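The chain contents come next:
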Amino acid sequence: MSDTVETAARTAPAAVVVGIDGPSGTGKSSTSRAVAAKLGLRYLDTGAQYRAITWWMLANGIDVDDAAAVAQAAGKPVIVSGTDPSAPTITVDGEDAAGPIRTQRVTAAVSAVSAVPEVRTRLTELQRAIAAEAPHGIVVEGRDIGTTVLPDADLKVFLTASPEARAARRNGELKGKEAADLAATQAALIKRDAADSGRKTSPLAKAADAVEVDTTDLTLEQVIECVVTLVEDKRSA
Ligand SMILES: Nc1ncnc2c1ncn2[C@@H]1O[C@H](COP(=O)(O)OP(=O)(O)O)[C@@H](O)[C@H]1O
Ligand SMILES: Nc1ccn([C@H]2C[C@H](O)[C@@H](COP(=O)(O)OP(=O)(O)O)O2)c(=O)n1
(Lines give C-alpha, C1' and ligand atoms only; values in the text may rest on other atoms or scores of the structure.)
(Ligands and ions follow the chains in the order given, each with its own letter.)
Protein backbone atom coordinates (compact mmCIF):
# COMPACT_ATOMS: atom_id res chain seq x y z
CA MET A 1 0.00 0.00 0.00
CA SER A 2 1.38 3.46 -0.87
CA ASP A 3 1.62 6.20 1.80
CA THR A 4 -1.23 8.12 0.17
CA VAL A 5 -3.62 5.16 0.24
CA GLU A 6 -2.69 4.35 3.83
CA THR A 7 -3.30 7.97 4.89
CA ALA A 8 -6.67 8.01 3.11
CA ALA A 9 -7.70 4.77 4.80
CA ARG A 10 -6.76 6.19 8.20
CA THR A 11 -8.49 9.55 7.80
CA ALA A 12 -11.72 8.73 5.87
CA PRO A 13 -14.58 8.53 8.42
CA ALA A 14 -16.23 5.11 8.52
CA ALA A 15 -19.67 4.90 6.89
CA VAL A 16 -22.34 5.81 9.40
CA VAL A 17 -25.87 4.42 9.37
CA VAL A 18 -28.61 6.44 11.09
CA GLY A 19 -32.22 5.28 11.56
CA ILE A 20 -34.91 7.86 12.33
CA ASP A 21 -38.38 6.64 13.29
CA GLY A 22 -41.54 8.17 14.68
CA PRO A 23 -45.17 8.96 13.90
CA SER A 24 -46.39 11.30 11.17
CA GLY A 25 -45.54 14.99 11.48
CA THR A 26 -42.75 14.62 14.03
CA GLY A 27 -40.19 15.95 11.51
CA LYS A 28 -38.58 12.74 10.26
CA SER A 29 -38.31 13.71 6.58
CA SER A 30 -37.16 17.31 7.07
CA THR A 31 -34.67 16.34 9.77
CA SER A 32 -33.30 13.30 7.95
CA ARG A 33 -32.77 15.17 4.69
CA ALA A 34 -31.02 18.06 6.36
CA VAL A 35 -28.80 15.85 8.54
CA ALA A 36 -27.80 13.75 5.53
CA ALA A 37 -27.01 16.86 3.48
CA LYS A 38 -24.92 18.41 6.27
CA LEU A 39 -22.91 15.23 6.87
CA GLY A 40 -22.47 14.09 3.26
CA LEU A 41 -24.65 10.99 3.70
CA ARG A 42 -27.34 9.48 1.46
CA TYR A 43 -31.01 9.79 2.45
CA LEU A 44 -33.83 7.23 2.19
CA ASP A 45 -37.53 7.94 2.82
CA THR A 46 -39.05 4.48 3.39
CA GLY A 47 -42.52 5.99 3.83
CA ALA A 48 -42.31 7.14 0.20
CA GLN A 49 -41.72 3.50 -0.81
CA TYR A 50 -44.81 2.31 1.12
CA ARG A 51 -46.75 5.14 -0.49
CA ALA A 52 -45.41 4.17 -3.93
CA ILE A 53 -46.49 0.54 -3.65
CA THR A 54 -49.89 1.74 -2.37
CA TRP A 55 -50.25 4.10 -5.33
CA TRP A 56 -49.47 1.23 -7.72
CA MET A 57 -52.10 -1.02 -6.02
CA LEU A 58 -54.76 1.71 -6.38
CA ALA A 59 -53.79 2.44 -9.99
CA ASN A 60 -54.00 -1.25 -10.85
CA GLY A 61 -57.42 -1.83 -9.30
CA ILE A 62 -56.19 -3.96 -6.39
CA ASP A 63 -58.54 -3.84 -3.39
CA VAL A 64 -56.21 -2.48 -0.68
CA ASP A 65 -58.37 -4.03 2.04
CA ASP A 66 -57.92 -7.50 0.52
CA ALA A 67 -54.63 -8.57 2.15
CA ALA A 68 -54.34 -11.69 -0.02
CA ALA A 69 -54.67 -9.68 -3.23
CA VAL A 70 -52.12 -7.11 -2.00
CA ALA A 71 -49.73 -9.91 -1.01
CA GLN A 72 -50.03 -11.54 -4.41
CA ALA A 73 -49.25 -8.29 -6.22
CA ALA A 74 -46.52 -7.10 -3.81
CA GLY A 75 -43.64 -8.27 -6.01
CA LYS A 76 -44.87 -6.66 -9.23
CA PRO A 77 -44.08 -2.92 -9.16
CA VAL A 78 -40.44 -1.87 -9.66
CA ILE A 79 -39.69 0.82 -7.09
CA VAL A 80 -36.52 2.89 -7.38
CA SER A 81 -35.48 5.48 -4.78
CA GLY A 82 -32.92 8.19 -5.55
CA THR A 83 -31.00 8.91 -2.33
CA ASP A 84 -29.41 12.34 -2.94
CA PRO A 85 -30.68 14.39 0.04
CA SER A 86 -30.77 17.57 -2.06
CA ALA A 87 -33.11 15.95 -4.61
CA PRO A 88 -34.61 12.64 -3.47
CA THR A 89 -36.66 10.84 -6.13
CA ILE A 90 -39.02 7.90 -6.38
CA THR A 91 -40.20 6.05 -9.48
CA VAL A 92 -42.60 3.17 -9.97
CA ASP A 93 -42.11 1.13 -13.15
CA GLY A 94 -39.97 4.01 -14.43
CA GLU A 95 -42.64 6.66 -13.83
CA ASP A 96 -42.04 9.62 -11.48
CA ALA A 97 -44.31 8.99 -8.48
CA ALA A 98 -43.24 11.88 -6.20
CA GLY A 99 -46.49 13.84 -6.70
CA PRO A 100 -49.15 11.12 -6.81
CA ILE A 101 -47.90 9.35 -3.67
CA ARG A 102 -48.78 12.43 -1.54
CA THR A 103 -52.52 12.53 -2.33
CA GLN A 104 -55.12 11.98 0.41
CA ARG A 105 -56.28 8.84 -1.40
CA VAL A 106 -52.86 7.23 -1.00
CA THR A 107 -52.51 8.53 2.58
CA ALA A 108 -55.83 6.91 3.50
CA ALA A 109 -54.83 3.53 2.00
CA VAL A 110 -51.15 3.28 2.94
CA SER A 111 -51.56 1.80 6.43
CA ALA A 112 -53.60 -1.15 5.11
CA VAL A 113 -51.06 -1.92 2.39
CA SER A 114 -48.06 -1.55 4.69
CA ALA A 115 -49.56 -4.00 7.20
CA VAL A 116 -49.28 -6.86 4.67
CA PRO A 117 -46.21 -8.99 5.56
CA GLU A 118 -45.27 -9.68 1.90
CA VAL A 119 -45.13 -5.92 1.24
CA ARG A 120 -42.90 -5.39 4.28
CA THR A 121 -40.54 -8.24 3.40
CA ARG A 122 -40.07 -6.91 -0.10
CA LEU A 123 -39.46 -3.29 0.94
CA THR A 124 -37.26 -4.24 3.89
CA GLU A 125 -34.95 -6.16 1.51
CA LEU A 126 -34.85 -3.18 -0.84
CA GLN A 127 -34.09 -0.77 2.03
CA ARG A 128 -31.25 -2.94 3.37
CA ALA A 129 -29.71 -3.18 -0.09
CA ILE A 130 -29.83 0.61 -0.54
CA ALA A 131 -28.25 1.17 2.89
CA ALA A 132 -25.49 -1.36 2.18
CA GLU A 133 -24.57 0.44 -1.04
CA ALA A 134 -24.23 3.95 0.49
CA PRO A 135 -20.50 4.70 0.34
CA HIS A 136 -20.23 7.13 3.28
CA GLY A 137 -23.39 6.07 5.07
CA ILE A 138 -27.07 6.96 5.04
CA VAL A 139 -29.95 8.40 7.04
CA VAL A 140 -32.99 6.13 6.72
CA GLU A 141 -36.35 7.29 8.04
CA GLY A 142 -39.56 5.37 8.66
CA ARG A 143 -41.47 3.48 11.33
CA ASP A 144 -39.45 0.26 11.84
CA ILE A 145 -35.90 1.20 10.89
CA GLY A 146 -34.41 0.84 14.36
CA THR A 147 -36.42 -2.24 15.30
CA THR A 148 -36.42 -4.26 12.06
CA VAL A 149 -34.77 -2.84 8.95
CA LEU A 150 -31.41 -1.77 10.42
CA PRO A 151 -31.19 -3.15 13.97
CA ASP A 152 -27.39 -2.60 13.91
CA ALA A 153 -27.61 1.09 12.92
CA ASP A 154 -24.88 3.24 14.49
CA LEU A 155 -27.48 5.70 15.76
CA LYS A 156 -31.23 5.32 16.26
CA VAL A 157 -33.45 8.32 16.88
CA PHE A 158 -37.16 8.24 17.73
CA LEU A 159 -38.93 11.56 17.14
CA THR A 160 -42.17 12.44 18.92
CA ALA A 161 -44.41 15.53 19.15
CA SER A 162 -47.85 16.28 20.55
CA PRO A 163 -50.81 15.42 18.27
CA GLU A 164 -51.71 19.14 18.22
CA ALA A 165 -48.26 20.18 16.98
CA ARG A 166 -48.17 17.39 14.37
CA ALA A 167 -51.63 18.29 13.02
CA ALA A 168 -50.69 21.99 12.82
CA ARG A 169 -47.51 21.12 10.88
CA ARG A 170 -49.40 18.89 8.44
CA ASN A 171 -52.09 21.52 7.86
CA GLY A 172 -49.37 24.07 7.19
CA GLU A 173 -48.16 21.87 4.32
CA LEU A 174 -51.61 21.25 2.85
CA LYS A 175 -52.57 24.94 2.83
CA GLY A 176 -54.30 25.85 -0.42
CA LYS A 177 -54.19 22.31 -1.80
CA GLU A 178 -56.25 19.73 0.05
CA ALA A 179 -56.58 21.73 3.28
CA ALA A 180 -58.70 20.16 5.99
CA ASP A 181 -59.63 21.63 9.37
CA LEU A 182 -57.23 21.04 12.23
CA ALA A 183 -59.47 18.62 14.13
CA ALA A 184 -59.97 16.46 11.03
CA THR A 185 -56.23 16.40 10.32
CA GLN A 186 -55.49 15.44 13.93
CA ALA A 187 -58.12 12.68 13.88
CA ALA A 188 -56.67 11.26 10.65
CA LEU A 189 -53.13 11.30 12.12
CA ILE A 190 -54.26 9.51 15.27
CA LYS A 191 -56.11 6.90 13.23
CA ARG A 192 -52.99 6.24 11.11
CA ASP A 193 -50.76 6.09 14.22
CA ALA A 194 -53.08 3.47 15.72
CA ALA A 195 -53.05 1.35 12.54
CA ASP A 196 -49.25 1.64 12.17
CA SER A 197 -48.58 0.89 15.87
CA GLY A 198 -51.16 -1.87 16.10
CA ARG A 199 -50.21 -4.05 13.13
CA LYS A 200 -48.64 -7.47 13.76
CA THR A 201 -45.61 -7.17 11.46
CA SER A 202 -42.92 -4.65 12.46
CA PRO A 203 -45.24 -2.00 13.93
CA LEU A 204 -44.25 1.61 14.54
CA ALA A 205 -42.16 1.33 17.73
CA LYS A 206 -39.18 2.87 19.47
CA ALA A 207 -36.15 0.56 19.55
CA ALA A 208 -34.85 -0.07 23.06
CA ASP A 209 -31.54 1.64 22.18
CA ALA A 210 -33.06 4.64 20.33
CA VAL A 211 -32.62 8.22 21.58
CA GLU A 212 -36.05 9.82 21.94
CA VAL A 213 -36.38 13.50 20.99
CA ASP A 214 -39.65 15.32 21.71
CA THR A 215 -39.84 17.98 18.98
CA THR A 216 -43.05 19.70 20.19
CA ASP A 217 -41.32 22.83 21.43
CA LEU A 218 -38.22 22.69 19.23
CA THR A 219 -37.71 24.46 15.93
CA LEU A 220 -36.75 22.31 12.95
CA GLU A 221 -33.24 23.83 13.11
CA GLN A 222 -32.90 22.77 16.76
CA VAL A 223 -33.93 19.19 15.94
CA ILE A 224 -31.46 19.03 13.04
CA GLU A 225 -28.65 20.36 15.26
CA CYS A 226 -29.52 17.85 17.97
CA VAL A 227 -29.33 14.88 15.55
CA VAL A 228 -26.11 16.16 13.91
CA THR A 229 -24.54 16.33 17.39
CA LEU A 230 -25.72 12.81 18.19
CA VAL A 231 -24.12 11.51 14.96
CA GLU A 232 -20.86 13.38 15.61
CA ASP A 233 -20.74 12.04 19.17
CA LYS A 234 -21.15 8.48 17.84
CA ARG A 235 -18.44 9.03 15.25
CA SER A 236 -15.94 10.31 17.77
CA ALA A 237 -16.77 7.66 20.39
N1 LIG B 1 -39.63 21.06 14.89
C2 LIG B 1 -40.47 21.54 13.97
N3 LIG B 1 -41.12 22.70 14.18
C4 LIG B 1 -41.98 23.18 13.27
N5 LIG B 1 -42.27 22.59 12.09
C6 LIG B 1 -41.65 21.45 11.81
C7 LIG B 1 -40.73 20.85 12.72
N8 LIG B 1 -40.28 19.69 12.17
C9 LIG B 1 -40.90 19.58 10.99
N10 LIG B 1 -41.72 20.62 10.75
C11 LIG B 1 -42.59 20.84 9.60
O12 LIG B 1 -43.66 19.92 9.75
C13 LIG B 1 -44.02 19.35 8.52
C14 LIG B 1 -43.92 17.82 8.59
O15 LIG B 1 -42.56 17.46 8.75
P16 LIG B 1 -41.98 16.12 8.13
O17 LIG B 1 -40.51 16.23 8.21
O18 LIG B 1 -42.60 15.83 6.81
O19 LIG B 1 -42.51 15.05 9.21
P20 LIG B 1 -42.64 13.47 9.10
O21 LIG B 1 -41.66 13.01 8.06
O22 LIG B 1 -42.31 12.97 10.48
O23 LIG B 1 -44.06 13.18 8.73
C24 LIG B 1 -43.08 19.97 7.47
O25 LIG B 1 -43.76 21.02 6.85
C26 LIG B 1 -41.92 20.48 8.29
O27 LIG B 1 -41.31 21.61 7.71
N1 LIG C 1 -40.78 2.11 7.56
C2 LIG C 1 -42.05 2.45 7.30
C3 LIG C 1 -42.37 3.69 6.72
C4 LIG C 1 -43.70 3.98 6.47
N5 LIG C 1 -44.64 3.06 6.72
C6 LIG C 1 -46.05 3.27 6.40
C7 LIG C 1 -46.86 3.78 7.56
C8 LIG C 1 -47.10 5.23 7.26
O9 LIG C 1 -48.37 5.65 7.72
C10 LIG C 1 -47.01 5.28 5.74
C11 LIG C 1 -46.55 6.59 5.13
O12 LIG C 1 -45.31 6.94 5.69
P13 LIG C 1 -44.77 8.44 5.59
O14 LIG C 1 -43.47 8.48 6.32
O15 LIG C 1 -44.80 8.90 4.19
O16 LIG C 1 -45.89 9.21 6.37
P17 LIG C 1 -45.94 10.71 6.80
O18 LIG C 1 -44.90 11.47 6.05
O19 LIG C 1 -45.59 10.63 8.23
O20 LIG C 1 -47.32 11.11 6.52
O21 LIG C 1 -46.12 4.23 5.37
C22 LIG C 1 -44.31 1.87 7.32
O23 LIG C 1 -45.19 1.05 7.57
N24 LIG C 1 -43.02 1.57 7.57
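Note that the structure is a prediction, hence the values are computed from the model and not measured.

A word on helix H6 (residues 117-133). End to end, H6 covers 25 Å across 17 residues, agreeing with the expected 24 Å (1.5 Å per residue, within 8%). Those residues of H6 lying buried are Val-119, Arg-120, Leu-123, Thr-124, Gln-127, Ile-130 and Ala-131. Along the axis of H6, the buried positions cluster into a sector of 130°, meaning they face one direction only. Residues of H6 that are exposed and angled more than 90 degrees away from the buried face: Glu-125, Ala-132 and Glu-133.

Quick look at the site of ligand 2 now. Surrounding ligand 2, one finds 18 residues, the nearest of these being Arg-51, Arg-120, Asp-144, Arg-192 and Asp-196. The side chain of Arg-143 places a nitrogen or oxygen atom 3.0 Å from an oxygen atom of ligand 2. At 2.8 Å from a nitrogen atom of ligand 2 is found a side-chain nitrogen or oxygen belonging to Asp-144. Its free accessible area being 520 Å², ligand 2 has 98% of it covered by the protein chains. Every element with two or more residues in the shell around ligand 2 is listed here: helix H3 (46-59), helix H5 (104-114) and helix H9 (182-198). Among the elements that take part in the shell around ligand 2, H3 stands out by supplying four residues, more than any other.

Across its 14 residues, H3 extends 20 Å between first and last C-alpha, which sits within 8% of the 20 Å expected from 1.5 Å per residue. Summarising burial for H3: 12 of the 14 residues are buried, a large majority. Just downstream of H3, Gly-61 is the residue with a positive phi angle, here 70°.

Tallying each qualifying case throughout the model produces eight salt bridges. Here Arg-102 makes a salt bridge to Asp-45, at a shortest N to O gap of 3.3 Å. Remark: Asp-45 occurs in strand E2 (residues 42-45) and Arg-102 occurs in the loop between strand E5 (95-96) and H5; sequence separation between them is 57 residues. Residue classification places Arg-102 among the partly exposed residues on the basis of a relative accessible area of 42%. When the shortest N-O distance is used, the salt bridge between Arg-170 and Glu-173 registers 2.4 Å. With Arg-170 and Glu-173 both in helix H8 (residues 163-174) and three residues apart, the pair spans about one turn of that helix. With relative accessibility at 27%, the residue Arg-170 sits in the partly exposed group. Each of Arg-143, Asp-196 and Arg-199 takes part in one network of salt bridges that share partners.

Calculation notes
Counting restarts for each chain, with residues numbered from 1 along the sequence as it is written. Just so you know, chain letters begin at A and ligand numbers begin at 1, following the order they were written in. Local features in this predicted model are restricted to residues of pLDDT 70 or higher, and side-chain atom pairs are both shown and tallied only at a pLDDT of 80 or more, whereas totals for entire chains, interfaces and linings draw on every residue. Neither water nor hydrogens contribute to the side-chain values; these are computed over all heavy atoms in the structure. Secondary structure elements follow DSSP: runs of H or I of four or more residues count as helices, runs of E of two or more count as strands, with numbering from the N terminus. Expected span, for any helix, means 1.5 Å times one less than how many residues it has. To sort residues, take the accessible area from a 1.4 Å probe on protein chains only and compare it with the maximum for the residue type: under 20% means buried, over 50% means exposed, and anything in between is partly exposed. Taken from the helix axis, the directions to the C-beta atoms give the arc we talk about. One heavy atom within 4 Å of a molecule or strand makes the whole residue count as near it. Contacts described as polar in this section are N or O atom pairs within 3.5 Å, which, within protein, must combine one atom able to donate a hydrogen with one able to accept it, while residues neighboring in sequence count only if both atoms come from side chains. All accessibility values rest on the Shrake-Rupley procedure with a 1.4 Å probe; residue burial counts only the protein chains present in the view. Here, a salt bridge means any Lys or Arg side-chain nitrogen found within 4 Å of an Asp or Glu carboxyl oxygen.

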